[in-house]
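Fold and geometry: a report
Single-letter residue listing:
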Amino acid sequence: MPFILDAHQDLAYNMTVLGRDYSLPNAQTRLRDRQTGNDAYGGGSLLGLPEYNAAQVGLVFGTLFSVPERRSNPKLEGEEYYRTPAEAHRLYWNQLDYYHKLAETQSDAFRLVLTKQELKSHLELWQSETDGLKPLGIVPLMEGAEGILDLDELPAWWERGLRIIGLAWAGNRFCGGTREPGGLTAEGKDLIHAMAEVGFVLDLSHMDEPAALECLEIYPGQIIASHANAAKLVKGYNSNRLLSGEVITKLIARDGLIGVLPINVFLNAEWQKDGGKTAISLRMVAEQIDYICQMAGDVRHVGIGTDFDGGFGVEQVPAEIDTIADLPLLFPFLEELGYDSKEIDRIASGNFLDMIETTLPA
Ligand SMILES: [Zn+2]
């Protein structure tokens, strides 16, 4: 079974805001959530260490994520949101600290993967035969650059372990974002120039199309979309969250990578009226992957970015998925579409592993 790298999970947010403990089996998290009412956040959790192990999901890009006050969720008690860049800075930095704390206090369950050496030893561990559960590796990814107060602090973020920055979630002072259109601002341009100097990967997910296209023109470093689908295949879709054909074409030309999203609303925007969870199959995820591979003419520009538990629980993912343990059920659909095991390995993790290996410092 292939090793899987998942290019997008909001682990720190879920663990700090909702108090979820992903070292536990998923069933325990669901039980606890029912008791605390936490499943109001997107529904039943999909994650847990035994389930990561069952699926061979051994490495994730774990986000630093927070929301501006205007997009906060009134139903979510204990939600942390920011009113000012200084508050955003504090929340984002705290989540990066949280990953360090996890790796220190629960090293059997979590480890940070911040260097080439750490990546090598983490992959060796996952290839070895061991009794018991293997720890989940985490590469930190900032979702929404509001946490960056000043460009001078970028080296400190890198030093502390941040490796990937997405400028947008909502729109902000750097660029337009989901449901808040806009291009790249002067501040946004300054930010990406400073990011390139340090060597960050740039994540286009959530950026409005004009901003994404501008980044594809001017960012000299590695570009990805950690969690996004091709808008064209999505029935009834009329927002700016997913990728246009032009963005995909240019991402491929820039040797970028797209983590395809197994979330129902991003596979069919009308899924609820079309029959709900049971009407959406992982086959549609395989079709998204195939579409990008057909555009590229190869299997080198696509991977998986589930965003599981990122406001999307079990009720909102394809029929075959009860927990992340079921993610490998995607692969038979790729086989049906003609992909062989080597190609499936590239999609499951090989492409993102090569990308992050190049990015990480020695
Ligand atoms: Zn997101």
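So, a few notes on the structure that sits alongside this text. (Residues numbered from 1 in each chain as written. Predicted model: local features only at pLDDT ≥ 70, side-chain atom pairs only at ≥ 80, totals over all residues. Heavy atoms only, no water.)

Observations regarding the overall build of the protein
Rules: Where helices and strands are cited, they refer to DSSP runs of H or I of at least four residues and of E of at least two residues respectively, numbered from the N terminus. When we talk radius of gyration, it's over C-alpha atoms, and the globule rule is simply 2.2 Å times the number of residues to the 0.38. In this scheme, a residue with accessible area under 20% of its type's maximum is buried, one over 50% is exposed, and one in between is partly exposed, where area comes from a 1.4 Å probe on protein chains only. Note on areas: Shrake-Rupley with a 1.4 Å probe; residue coverage comes only from the protein chains shown. We count Lys and Arg on the positive side and Asp and Glu on the negative side, and we leave His and both chain ends out. For charged residues, the charge sits on one atom: NZ in Lys, CZ in Arg, CG in Asp, CD in Glu.
Each helix and strand in the protein was counted, giving 12 helices and 13 strands. For the protein, whose C-alpha radius of gyration is 19 Å, the value lies close to the compact-globule estimate of 21 Å for 362 residues. Within the span of the protein, comprising 362 residues, buried residues form 59% of the whole. Summing over all exposed atoms, the protein offers an accessible surface of approximately 13800 Å²; the carbon and sulfur share of this is 50%. Between the averaged position of the 30 positive side-chain charges in the protein and that of its 53 negative side-chain charges there is a distance of 2 Å.

What about the state of the cysteines?
Short version of the rule: Two cysteine sulfurs form what is called a disulfide whenever their separation falls within 2.5 Å.
Tallied over the full model, the rule gives zero disulfides. Cys215 takes part in no disulfide bond, and the closest cysteine sulfur, belonging to Cys175, lies 6.8 Å away.

As for empty space enclosed by the protein
The following threshold applies: Buriedness for pockets is judged along seven lines, at least five of which must meet protein on both sides within 12 Å for an open set on the 1 Å grid over protein atoms alone, while cavities are sets there where a 1.4 Å probe fits but cannot get out, and lining residues have an atom within 4 Å of a point. Grid points are joined across faces, edges and corners, and a volume is the space filled by probe spheres set on the points. Just so you know the grouping, Ala, Val, Leu, Ile, Met, Phe, Trp, Tyr, Cys and Pro go in nonpolar, Asp, Glu, Lys and Arg go in charged, and all remaining residues, Gly too, go in polar.
In this structure the tally under the stated criterion is one cavity of 30 Å³ or more. In this structure, the largest cavity occupies an estimated 50 Å³ of space. In this structure, the largest cavity is lined by Ser66, Pro68, Tyr82, Tyr92, Glu143, Gly144, Glu146, Trp169, Ala170, Gly171 and Asn172. Taken together, the residues of the lining of the largest cavity sort by class into five nonpolar, four polar and two charged.

Focus on the pattern of salt bridges
Condition: One side-chain nitrogen of Lys or Arg within 4 Å of one carboxyl oxygen of Asp or Glu is enough to make a salt bridge.
All chains considered together, the criterion is met by 21 salt bridges. Taking the shortest distance from any N to any O, the salt bridge between Glu180 and Arg71 comes out at 3.3 Å. You can see Glu180 sitting in strand S9 (residues 180-184) and its partner Arg71 sitting in the loop between strand S3 (67-68) and strand S4 (81-82), a full 109 residues away along the chain. Residue class for Arg71 comes out buried when judged on its relative accessible area of 17%. Among the ionic pairs, Asp97 bridges to Arg160, the shortest N-O distance being 2.8 Å. Placement of Asp97 in helix H4 (residues 85-105) and of Arg160 in helix H6 (residues 154-160) is noted, with a sequence separation of 63 residues between them. Residue classification places Arg160 among the partly exposed residues on the basis of a relative accessible area of 28%. In this structure, a network of salt bridges that share partners links the residues Arg20, Arg32, Asp33 and Asp309.

With respect to the packing of helix H8 (residues 209-218) against helix H9 (residues 245-253)
Threshold: To get an axis, a line is fitted to the C-alpha atoms, and for a helix only the part in contact is used. The angle between two axes follows their N-to-C directions and goes from 0 to 180 degrees. For classification purposes, angles smaller than 35 degrees are called roughly parallel, those larger than 145 roughly antiparallel, those between 65 and 115 roughly perpendicular, and all remaining angles oblique. Each crossing gets its hand from how the near helix is turned against the far one by less than a right angle, where anticlockwise is left-handed and clockwise is right-handed. Any two residues having at least one pair of non-hydrogen atoms within 4.5 Å are treated as being in contact.
Taken N-terminus to C-terminus, the directions of H8 and H9 make an angle of 20°; their axes are 10 Å apart at the nearest point. Between H8 and H9, the angle falls in the class roughly parallel. The interaxial crossing formed by H8 with H9 has left-handed handedness. Where H8 approaches H9, its residues Glu209, Ala212, Leu213, Leu216 and Glu217 are matched on the opposing element by Glu246, Val247, Lys250 and Leu251. Taken together, the residues that form the contact of H8 with H9 break down as five nonpolar, no polar and four charged.

Looking at the coordination of the zinc ion
Convention followed: Each metal's donors are the N, O and S atoms within 2.8 Å of it, or within 3.2 Å when it is Na, K or Ca, and because water is not part of the set, sites may look incomplete.
For the zinc ion, the full set of protein donor atoms is Glu143 (OE), His206 (NE2) and His227 (NE2), at a range of 2.0 to 2.1 Å. Taken in chain order, the donor set of the zinc ion reads E-x62-H-x20-H. With Glu143 in strand S6 (residues 136-143) and His227 in the loop between strand S11 (223-225) and H9, this pair connects stretches of sequence that are 84 residues apart. In this structure Glu143 comes out as buried when scored by relative accessible area, which is 4%.

Remarks on helix H10 (residues 282-296)
Applied cut-off: In this scheme, a helix's expected span is set at 1.5 Å multiplied by one less than its residue total.
Helix length check: H10 (15 residues) gives 21 Å between terminal C-alpha atoms against 21 Å at 1.5 Å per residue, within 8%. Among all positions of H10, only Leu282, Val285, Ala286, Gln288, Ile289, Asp290, Tyr291, Ile292 and Cys293 are buried. Contacts made by the buried residues of H10 are with H9, strand S12 (257-260), strand S13 (302-304), helix H11 (330-336) and helix H12 (341-359). Taken from the residues just after H10, Gly297 is the one with a positive phi, measuring 80°.

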